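Here's the letter readout for the chains.
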Amino acid sequence: MSGITAITMPKWGLTMEEGTVVKWAVKAGDLISQEQELVDIETTKLANIYESPVDGVLRRIVAAEGEVVPVGALIAVVAGQDVADEEIDAFIAESNRDVVRVAAGPVPETIALPGGQVTYLKVGPEDGEPVVFVHGFGSDHKGWVLNQSAISESHPTFALDLPGHGASYKRAEDLSANALADALLSFLSKLDLKNVHLVGHSLGAAVAALAAASNGSDIKSLTLIAPAGLGPNINGSFLDGFIAETRAKKLRPIIEMLVSEPGIISADMVEDVLKFKRLDGAQEALTAVRAANFPGSEQTVSIGPAIESLKIPVQVILGANDKVIPPAQTKELLSEKVIEVPGAGHIPHLEKAADVNQRIQAHIGT
């Protein structure tokens, strides 16, 4: 219908099927502007703010606070004051008839490496320069849920579970960053991936840098997000709590250390961590990864020399409010390569996904 704009539940990430309307920041009748904060929406990963895609008058709020809404379903209506209420009623009724629940996202695959089976998620076109995402300590391929979908619009993308993490093999004699880099190189070789753009987070950033230094001929660019290995300090209390806590109530404040705004951490995100830690061998693997790379409150992994040896483009993205790895020590070593994201903590790729995705796309070429 002419003059009416639908505001629908957005799809944030590959696996999002529905979202919960947490709190509206506006009310019916308000004049709103493009990019104005409209509503807090919670997904299975985290809560986020949905900004208005248009200018206009918010004539109707369709989804109430607390309501769970499928992706693509109508949550509000924007229209001029000249549009009759009867037209808006008809528009809402028609929109509700057309709602269909989105299909589940792509399914992870497995591949056999020398150490065991590794799980990965492949999304995007078959042709083009591949982008490989490497997660951080205690995470898995799902940690890239808000990034892989965006980058896969122009590139084939792969997000793997490193050894000791996710659904990949847990038992290994060596889970140091160097050993994980060898596993990453084996992954690239097994899938015959060339001209690869590596995107790594935290420990995964160190792994990506070491892999690039070992086999630069296959790596075309490097994006390091909140990287480990660029200074001596790390938050040991975060690591202790992440490994030790087995109850959601006690684990939540530990997970909240990852972000600038604790309220964005969802209950499902905490439960996902607990589910992983209940897997056979997961707790022991996390303990071994920590011992090999981050004993106490110290980083033994170092990637400064590896980065200095590289002839490829490198960018470093930091959250200005990182409570896990102090951003100051990274900026001191690599100031000319650093992009600092305000209002973000240790996981800026989830807190400020649109900003970080734009930085990745500009770096790798779209």
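Since the model is a prediction, treat every value here as computed from it, not as a measurement. (Residues numbered from 1 in each chain as written. Predicted model: local features only at pLDDT ≥ 70, side-chain atom pairs only at ≥ 80, totals over all residues. Heavy atoms only, no water.)

1. Some thoughts on the environment of leucine 224
Working step 1: Position of leucine 224 relative to the elements: it lies in strand 14 (residues 219-225).
Working step 2: The spatial distance from the C-alpha of leucine 224 to the C-alpha of lysine 194 is 19 Å, given a sequence separation of 30 residues.
Working step 3: In this view, leucine 224 contacts Gly200, Ala205, Ala209, Ile303, Ile307, Val314, Gln315, Val316 and Ile317; residues no more than four positions away in its chain are not counted. (Helix = DSSP H or I, 4+ residues; strand = E, 2+ residues; numbered from the N terminus. Contact = heavy atoms within 4.5 Å.)

2. Comments concerning the nonpolar core
Working step 1: In this structure, Val132 and Leu222 are the most contacted members of the largest nonpolar core, which totals 77 residues.
Working step 2: The dominant element in this core, judged by the number of residues it contributes, is helix 4 (residues 203-214), at nine residues.
Working step 3: Apart from the residues within four sequence positions on either side, leucine 222 is in contact with Leu198, Ala208, Ala209, Ala212, Leu310, Ile312, Pro313, Val314, Gln315 and His363.
Working step 4: Counting residues in hydrophobic clusters, the runner-up holds 19 residues, among them Ile7, Val26, Leu38 and Tyr50. (Core = buried A, V, L, I, M, F, W, Y, C linked by side-chain atoms within 4.5 Å. Buried < 20%, exposed > 50% of the residue type's maximum accessible area, 1.4 Å probe, protein only.)

3. Structural notes on helix 7 (residues 267-277)
Working step 1: For helix 7, the set of buried residues is Met269, Val270, Val273, Leu274, Phe276 and Lys277. The arc that holds every buried residue of helix 7, seen down its axis, measures 160°, which confines them to one face. (Arc of directions from axis to C-beta.)

4. A look at the packing of aromatic side chains
Working step 1: Counted under the stated rule, the structure contains five aromatic pairs.
Working step 2: Judged by centre distance (5.3 Å) and plane angle (75°), the ring pair of tyrosine 120 and phenylalanine 187 falls under edge-to-face. Of the two residues, tyrosine 120 sits in strand 10 (residues 116-123) while phenylalanine 187 sits in helix 3 (residues 177-190), which places them 67 residues apart along the sequence.
Working step 3: On the basis of an interplanar angle of 45° and a centroid distance of 5.7 Å, the ring pair of phenylalanine 238 and phenylalanine 242 is categorised as tilted. Placement of the pair is phenylalanine 238 and phenylalanine 242 together in helix 5 (residues 236-244), with a separation of four residues, close to one helical turn. (Phe/Tyr/Trp six-rings, centres within 6.5 Å; stacked < 30°, edge-to-face > 60°.)

5. Some remarks on the sheet that holds strand 1 (residues 4-8)
Working step 1: Read from one edge of the open sheet, four strands run 1-8-6-3, paired in antiparallel fashion. Of all strands in the sheet, those bounded by a partner on one side alone are strand 1 and strand 3 (31-32).
Working step 2: By the bridge criterion, three bridges tie strand 6 (residues 56-61) to strand 8 (residues 74-79) in an arrangement that is antiparallel. Note on strand 8: the bridge partner recorded for isoleucine 61 is alanine 76. (Pairing = 2+ DSSP bridges.)

6. Remarks on the pattern of salt bridges
Working step 1: Scanning the model with the defined rule gives 14 salt bridges in all.
Working step 2: With a shortest N-O distance of 3.1 Å, glutamate 271 and arginine 278 are connected by a salt bridge.
Working step 3: We classify glutamate 271 as partly exposed; its relative accessible area is 26%.
Working step 4: The network of salt bridges with common partners includes Asp192, Lys194 and Asp218. (Salt bridge = Lys/Arg side-chain N within 4 Å of Asp/Glu carboxyl O.)

7. A short note on the sheet that holds strand 2 (residues 18-24)
Working step 1: Across the sheet, which stays open at both edges, the four strands sit in the order 5-4-2-7 with antiparallel pairing between neighbours. Two strands lie at the open edges of the sheet, namely strand 5 (47-51) and strand 7 (68-70), each paired on one side alone. If you compare each strand with its neighbour and ignore which way they point, the axes differ by 40° on average.
Working step 2: With four bridges joining them, strand 2 and strand 4 (residues 37-42) adopt antiparallel strand pairing. Within the sheet, the bridge partner assigned to lysine 23 lies in strand 4 and is aspartate 40. (Axes fitted to C-alpha atoms, helices over the stretch in contact; angles between N-to-C directions.)

8. What about helix 5?
Working step 1: Regarding helix 5, the residues found buried are Gly236, Phe238, Leu239, Gly241, Phe242 and Ile243.
Working step 2: Here the buried face of helix 5 lies against helix 6 (248-255), helix 7 and helix 8 (282-293).

9. What to know about the pairing of strand 10
Each regular strand displays side chains that alternate between the two surfaces of the sheet.
Working step 1: The pairing of strand 9 (residues 109-113) with strand 10 spans five bridges and is classified as antiparallel. Considered in strand 10, the bridge of alanine 112 is made with glutamine 117.
Working step 2: The hairpin turn running from strand 9 into strand 10, its antiparallel successor, is two residues long.
Working step 3: Bridging between strand 10 and strand 12 (residues 157-160) involves four bridges; their strand directions are antiparallel. Residue pairing for strand 12: valine 123 is matched across the bridge by threonine 157.

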